[in-house]
Amino acid sequence: MKRALSRRAFLGAGAGMMLSLPWLEAMMPRKAQAAEGPALRFLAIYLPCGIHMADWTPSTEGANFTLPYILEPLADVKSDILVLSGLDNTAGEFSAPGDHARGTGCFLSCHLVNLSETDIQNGTTIDQLYADHLGTTTPLPSLLLGTAGGSNVGNCDSGYSCAYSRNISWKGNTPMPKLTDPATAFDLLFAGFDPNATAAEMARRKARRLSVLDYALSDAQALKAKLGQTDQVKVEEYLDSVRELELRVQAESTAPACELEAFDPTFGDYPTQVKLMMDIMVLAMQCDRTRAITFMMENGGSNRDFGFIGAPGGHHYLSHHNNLQENFDKLRVIDRWEIEQVAYLLNAMKNSVEADGSLLDNSFVFVGSEIEDGNSHAHRNMPVLCAGSLGGTVTTGTHTVVDRPLDDLFLAVGQKLGMDITSYGQNSTAPLDV
Amino acid sequence: MQSEDTRTGARTLGVFASLVGVGALCSGCYIGHDSARADGGSAATADDSGSVDDDAGSSGDAGETEGDEILDPGRVTLHRLNRAEYNNTIRDLFWGLEITPADDFPADDHSYGFDNIADVLSVTPLLFELYERAAVDVIDLALTSTGGGGTQRSEAENGTADVGSAQGGFWALTSVGQVAMSFEVATEADYEVRVRAYGQQAGADLPQMEVLVDGVSIGTVDVDAVAAAPEEYAFDAHLIAGTRSIAVRFLNDVYDPDLGLDQNLYVDWVEIDDGGPAGPDDVRAKLLTCEPVVGAEAECTRQVLAAFTERAWRRPVTTAEIDALVELAESARLDGDSWEDSVKLALKTVLVSPHFLFRVELDPDPTSLTAHPLTDHELASRLSYFLWSSMPDDELFASANAATLHDPDELQAHVVRMLADPKSEALVANFAGQWLYSRAIGTHLVKDPALFPEYDEELLTSMRTEMEMFFRSFLTEGRSLRELLTSETTYVDARLAAHYGLPIPEGTGFQEVSLADAPRRGILTQAGLMTVLSHPQVTSPVKRGKWVLEQLLCLPPSPPPPGVDVQPPEPDPDASVREQLEQHRADPMCAACHNNIDPLGLGLEHYDPIGRYRTMDGGKPIDASGNLPNAGPAFSDAMEMVDLLAQSEDFTTCTVRHTLTYALGRGVGAADIPYVEDIVVQAGASDFALEDLVIAIVTSDMFRMRRGEEPSP
């Protein structure tokens, strides 16, 4: 595939991956709400096919817990993490096969999804609620990333639409598609930047961009008037998309908010793709391009082969372990590798200093899977790892055992993010005490 | 390629110790064309791909039920271009420009087994933003694509400067210094180097401009042109092949703010011209077909936009539409943009318009159920997106403009022409890729390396090539589509020939070989398909049986009942896969569906998880006998099975249905049955040669007509 010309002359030749930028007062986001406290971020990381819980669940409760094998890579951020046991996502339960689709669909929404290939139904997820809450505070309302787009041939899971297996961020019944190419993600986040451009130049570009969007809107309105009902829905989707972009372009400051060094987004293998995405997430937050991020490390029921870490055979296939030790041995290796990638992200966030703590201190990171155990396909006692104290509102450095719906965790986090909500998902009871 | 396995463990059945908690009877699992006909479609259930969903016809709004004689050609929802269509359309709109921006777009949603189904394709904010960026990238590339011969131009704002800044499409050199641009010179020759520039004089002398090639001066000139009328200044240079840097240098700056003196040089672009004709890749010249005349720039703007928009929107454009686009461009130009930048802005607008991104089909009355013909242009788009996954070409546009495309003879002539065109490769990649699953062959298909050490990426690539070449042979050779199942020839390279135990062909490429002496026929026994429809360690008769039912017979089985533990069988030296699946038929709860699924898959047991032929499994000779669904005729092995399948009405009708679904971009339902029957008869006259099937489809009223929809309360 031939890449388009780069319009970003300042990027320069690939210089490897860049990590945390030192925090400079000059890089303070222009729209930072200094008076209202730190900029709070929400992240969700999705790991497919369940977790080998025997090596995940700490043996003791409380602050002095020992990190089990899978969580050992988090040693440097142990005081910043919160392991929660006993949370149920019963929205994934239904009397038919399809746990991967259902579990992925309800991963953040805690809604039972509809068994259909075409009549797709779900609920709005916490990251999208937060994005709406922030409005045009940041240039991008949310950043949705992944590593796999997904196949287009055949069914995805037992009669469930592929949309359920491929997306964890939803606005009502609409899945919010994710980007799987680091170069495109980087482009979307930062291509507006051009340190060589004057403020007048930036203003002119903005005006031109808006004139095109304006035209598109009136063009589509004229078309809509000639169409029948079903077709009008399609045009409405187009109009909503254009309006959203127009609002963002209008709100965007014409001065870049952040300095960037060279970034090489090319990758040849899966581990590099994952690391690049983690780097991009950190950059996006440091430059305050967005404060709501989700990342799917592969799609629901992924059968990715982990031969590269000595655990070949396909992740999904192995996760149907039939209680065989040889499968457990491979699963714990895969799960630990996945947590190593999470540790890479959390360490970068911890080392990213902001005016009032670290980036990690001001964030809430949710890590989980669509099912508990890959063989049982259960939706109770879910593997849940949280990180970041969300501006001091969440107590970390502990393992807490509860018996509550997962919905209650998101309800609590949503309130701490500043949203005025009294329920979440389909099964919330009260905000979880975290 | 990061595709996931499309079938999760939940969909495959294996040994289960008990059926604890099985709920309702596995009833209604047989959804057939016949039953839909007989009882008005009450057997239709969940939306499995390829199912006869009675709400499928007419994009979710079934007009009439069968039993009435009123024919309803249905309607297709406003149809967004999918990724493949977007890439191909850009390629063809820009005369072969090599850029595929849709590779970065999110994956298309799919339904009925295809990713070109109008009802499930939508625009999201992310996708629209990607469309916007793609439009800019494409236009930038197009305007700098001047091909090998002729002229190459580089804009000064895209160069590297040591002084100055961009201003209104020019680069302003505000003090002594230069701006340099790179050129790829293909062949050594004498070139004319042209610079378009103007100056702002503030001293006794005119601004002076020097041009250097790789740091060596090729001339100096006084710039007497002014902002109102920039000029082109020409120099001669002998350029050698390779990357050359051409710099424009401002020599005599004057700046005295107290006296209000400011002398500058403004550079628009640099061109090199070898004096030869424009090369075939000169996209720029095809797009910008005129030079703007100072004081009447809008005329050239109009000319460029009219020609481009009519092709981009795939229909004649109104004066009002062009007026609006010209006005957009002129506003920008009068605000300081260069003429070219102003045109680029309008071109971008054309590419993000819904008229480009969607295939628009209008009804005179959108709420009326009375059918009417499509316009010739709408029909041309349906035809080109069916056969090429791309926009109409000049010949199709010509027929549309002449209003003769509805004529069945003319349609037929285009079909024959289009199937012979290399662009029909889209049918192989997109139609066959999804119907026959050749797209599913990829490195995500994991096999146990201990059991299959020879399974590697090279073998997978050969498998996929075989499937694609095989299908390609049906496009123009007049082969009956029954031969998809029964063909005694296929295409192999050395690797596959060894895999199949066939004589190794000479050379490294693929050749057509005979299977007459081999235990293989057609697509069902091809290694690629068998590999897709297997587990990492064992075959999957259930996946295979289900595939035959869905893709070849349009008899999709229901999902397993709730509470059933679904595991693939284990490789067992003492138990064949057939034996391990016995419980399917022994238990009446399972048998209702599995009596139809399993025999078809077990008929293929001779083909192992990577498609090699074998005679033993579980220590015993393989028993590949079975019967067609619904207690149909019996067979003793796959060879007999494919003959029976190929001869069955279910197969030919199903082939027509899948092709129709892909052609229209909507599911096929009860209201379509009369048309389907007609097409089956018409295509059957030539024993279902693909070309004749396509002709039957595109000349059918289903394809050439449409209607509105009743508004729901």
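Reading guide: rules and limits
Residues numbered from 1 in each chain as written. Chains lettered and ligands numbered in written order. Predicted model: local features only at pLDDT ≥ 70, side-chain atom pairs only at ≥ 80, totals over all residues. Heavy atoms only, no water. Helix = DSSP H or I, 4+ residues; strand = E, 2+ residues; numbered from the N terminus. Buried < 20%, exposed > 50% of the residue type's maximum accessible area, 1.4 Å probe, protein only. Contact = heavy atoms within 4.5 Å. Areas by Shrake-Rupley, 256 points an atom, 1.4 Å probe, with all protein chains shown as cover. Pairing = 2+ DSSP bridges. Domains from an automatic or database assignment. Buried area = accessible area lost by both parts, 1.4 Å probe. Salt bridge = Lys/Arg side-chain N within 4 Å of Asp/Glu carboxyl O. Polar contact = N/O pair within 3.5 Å; in protein donor to acceptor, adjacent residues only side chain to side chain. Core = buried A, V, L, I, M, F, W, Y, C linked by side-chain atoms within 4.5 Å. Phe/Tyr/Trp six-rings, centres within 6.5 Å; stacked < 30°, edge-to-face > 60°. Lys NZ or Arg CZ within 6 Å of the ring centre and 35° of its normal. Patch = residues over 30% accessible without salt bridge, like charges linked within 9 Å, V, L, I, M, F, W, Y side chains within 5 Å. Lys, Arg positive; Asp, Glu negative; His and termini not counted. Charge placed at Lys NZ, Arg CZ, Asp CG, Glu CD. pLDDT = per-residue confidence, 0-100.

Undergrad: If you had to explain the overall build of chain A to someone new, which residues and values would you point to?
TA: In terms of helices and strands, chain A carries ten helices and eleven strands. The proportion of buried residues among the 434 residues of chain A is 61%. Contacts spanning at least 24 positions in sequence make up 73% of the contacts within chain A whose residues lie at least 6 apart. As displayed, chain A offers around 14,600 Å² of accessible surface, 50% of which is attributable to carbon and sulfur atoms.

Undergrad: So what's going on with unusual backbone geometry? Which residues, and what values?
TA: Residue and element names in this part refer to chain B. A positive phi angle, near 60°, is found at Arg-314, a position not held by glycine. Looking at where Arg-314 falls in the secondary structure, it is placed in the loop between helix H6 (297-312) and helix H7 (319-334). Located in the positive-phi region is Cys-554, a residue other than glycine, with phi close to 55°. Counting through the fold element by element, Cys-554 comes out in the loop between helix H18 (541-552) and helix H19 (577-580). Taking relative accessible area as the criterion, Cys-554 reaches 3% and is therefore assigned buried.

Undergrad: Explain the pairing of strand S3 (residues 143-146) of chain A to me, using residue names and the numbers behind them.
TA: All names here are of chain A. Here S3 shows a buried face lined by Leu-143 and Leu-145 and a second buried face lined by Leu-144 and Gly-146. Relative to strand S6 (residues 292-296), S3 is paired through four bridges, and the arrangement is parallel. Bridge assignment links Gly-146 to a residue of S6, and that residue is Met-296.

Undergrad: Can you lay out the domain arrangement of chain A for me, pointing to particular residues and giving the numbers?
TA: Split by domain assignment, chain A resolves into domain 1 (7-30 + 197-251) and domain 2 (41-195 + 261-416). Here the C-alpha centroids of domain 1 of chain A and domain 2 of chain A sit 27 Å apart.

Undergrad: Talk me through the interface of chain B and chain A; I want residue IDs and the actual numbers.
TA: On the side of chain A, 79 residues touch chain B, which itself brings 93 residues to the contact. Buried area between chain B and chain A, both sides added, is near 7,600 Å², and the carbon and sulfur share of it is 56%. The interface formed by chain B and chain A contains eight salt bridges. Residue Glu-132 of chain B is joined to Arg-209 of chain A by a salt bridge in which the shortest nitrogen-to-oxygen separation is 2.7 Å. Taken together, the connections running from chain B to chain A amount to 20 residue pairs in polar contact (both at pLDDT 80 or more). Elements supplying a minimum of two residues to the side of chain B that touches chain A: helix H4 (125-143), H7, helix H8 (339-352), helix H9 (354-357), helix H13 (425-435) and H18 of chain B. Among the elements that make up the side of chain B that touches chain A, the one with the highest residue count is H4 of chain B (eleven residues).

Undergrad: Before we move on, can you summarise the pattern of salt bridges with the specific residues and values?
TA: For side chains bearing opposite charge, pairing can occur when the charged atoms are close. Taken as a whole and assessed by the stated rule, the structure comprises 70 salt bridges over all chains. A salt bridge links Glu-354 of chain A to Arg-41 of chain A; its shortest N-O distance comes to 2.7 Å. One end of the pair, Glu-354 of chain A, is in strand S7 (residues 353-354); the other, Arg-41 of chain A, is in strand S1 (residues 41-47), and 313 residues separate them in sequence. The exposure classification of Glu-354 of chain A matches that of Arg-41 of chain A, with both residues buried. With a closest N to O distance of 2.7 Å, Arg-382 of chain B and Glu-361 of chain B form a salt bridge. Of this pair, Arg-382 of chain B sits in helix H10 (residues 376-388) while Glu-361 of chain B sits in the loop between strand S14 (358-359) and strand S15 (372-373), and the two are 21 residues apart along the sequence. Each member of the pair, Arg-382 of chain B as well as Glu-361 of chain B, is classed as buried.

Undergrad: Please set out the environment of Asp-231 of chain A residue by residue, giving values where relevant.
TA: Tracing the backbone through its elements, the reader meets Asp-231 of chain A in helix H6 (residues 229-251). A relative accessible area of 2% means that Asp-231 of chain A is categorised as buried. Ignoring sequence-local partners within four residues, the contact set of Asp-231 of chain A consists of Arg-75, Val-76, Thr-77, Leu-78, Arg-706 and Glu-709 of chain B. Separated by 2.7 Å, the side chain of Asp-231 of chain A and the backbone nitrogen of Leu-78 of chain B make a polar contact.

Undergrad: So what's going on with the nonpolar core? Residues and values would help.
TA: Ranked by internal contacts, the top residues of the largest apolar core, which has 130 residues, are Ile-45, Ile-81, Leu-346 and Met-349 of chain A together with Phe-94 of chain B. With twelve residues, the single largest contributor to this core is H4 of chain B. Inspection of this core shows a minimum of three residues originating in each of domain 1 (7-30 + 197-251) and domain 2 (41-195 + 261-416) of chain A. The contact partners of Ile-45 of chain A, leaving out residues within four places of it in the chain, are Phe-107, Met-281, Phe-295, Met-297, Val-342, Leu-345, Val-365, Phe-366, Val-367 and Gly-368 of chain A. Counting residues in each nonpolar core, the second largest holds 102 residues, with Leu-383, Leu-628, Ala-646 and Leu-693 of chain B among its members.

Undergrad: Tell me what's going on with the pairing of strand S2 (residues 151-155) of chain B, and back it up with residues and numbers.
TA: Across the five residues of S2 of chain B, five count as buried, placing the element largely inside the fold. Residues Thr-151, Arg-153 and Glu-155 of chain B point to one face of S2 of chain B and Gln-152 and Ser-154 of chain B to the other, with burial holding for every one of them.

Undergrad: Describe the packing of aromatic side chains, naming the residues involved and giving the relevant values.
TA: For the structure on display, the rule yields 32 aromatic pairs over all chains. Between the aromatic rings of Phe-42 of chain A and Phe-364 of chain A, the centroid separation amounts to 6.3 Å while the plane-to-plane angle is 15°, which identifies the pairing as stacked. Taken together, the residues Phe-42 of chain A in strand S1 and Phe-364 of chain A in strand S9 (residues 363-369) connect sequence positions 322 residues apart. For Phe-42 of chain A, a relative accessible area of 0% puts it in the buried group. By relative accessible area, Phe-364 of chain A is classed as buried at 0%. Ring plane angle 10° and centroid distance 4.6 Å describe the contact between Tyr-198 of chain B and Tyr-266 of chain B, whose orientation is recorded as stacked. One end of the pair, Tyr-198 of chain B, is in strand S7 (residues 189-200); the other, Tyr-266 of chain B, is in strand S13 (residues 261-273), and 68 residues separate them in sequence. Residues Tyr-198 of chain B and Tyr-266 of chain B agree in their burial class; the two are buried. Grouping aromatic residues by their ring pairs yields a cluster made of Phe-114, Phe-386, Phe-431, Trp-435, Phe-471, Tyr-662 and Phe-703 of chain B. Its guanidinium or amino end placed over the ring of Tyr-270 of chain A, Arg-304 of chain A lies 3.8 Å from that ring's centre, counting from NZ or CZ. Just above the ring of Trp-388 of chain B sits the side chain of Lys-423 of chain B; from NZ or CZ to the centre is 4.3 Å.

Undergrad: Please give an account of a negative patch on the surface that cites residues and values.
TA: A cluster of acidic residues, Asp-205, Asp-222, Asp-224 and Glu-231 of chain B, forms a negative patch on the protein surface. Given a relative accessible area of 36%, Glu-231 of chain B falls into the partly exposed group.

Undergrad: Give me the sheet that holds strand S9 (residues 216-222) of chain B: which residues, what numbers.
TA: Residue and element names in this part refer to chain B. The strand order S3-S6-S11-S8-S9 describes an open sheet built from five strands, whose pairing is antiparallel. Because the sheet does not close on itself, it has two edges, and the strands there are strand S3 (160-161) and S9. Where S3 and strand S6 (residues 177-185) come together, two bridges link them in antiparallel fashion. Opposite Ala-161, over in S6, you have Val-179 as the bridge partner.

Undergrad: Can you break down the confidence of the model for chain A residue by residue, with the values?
TA: When pLDDT is averaged along chain A, the result is 86; 87% of the residues meet or exceed 70. In this model, residues 1-35 of chain A is a region of pLDDT below 50 whose contacts with residues beyond four sequence positions or in other chains number 75 contacts.

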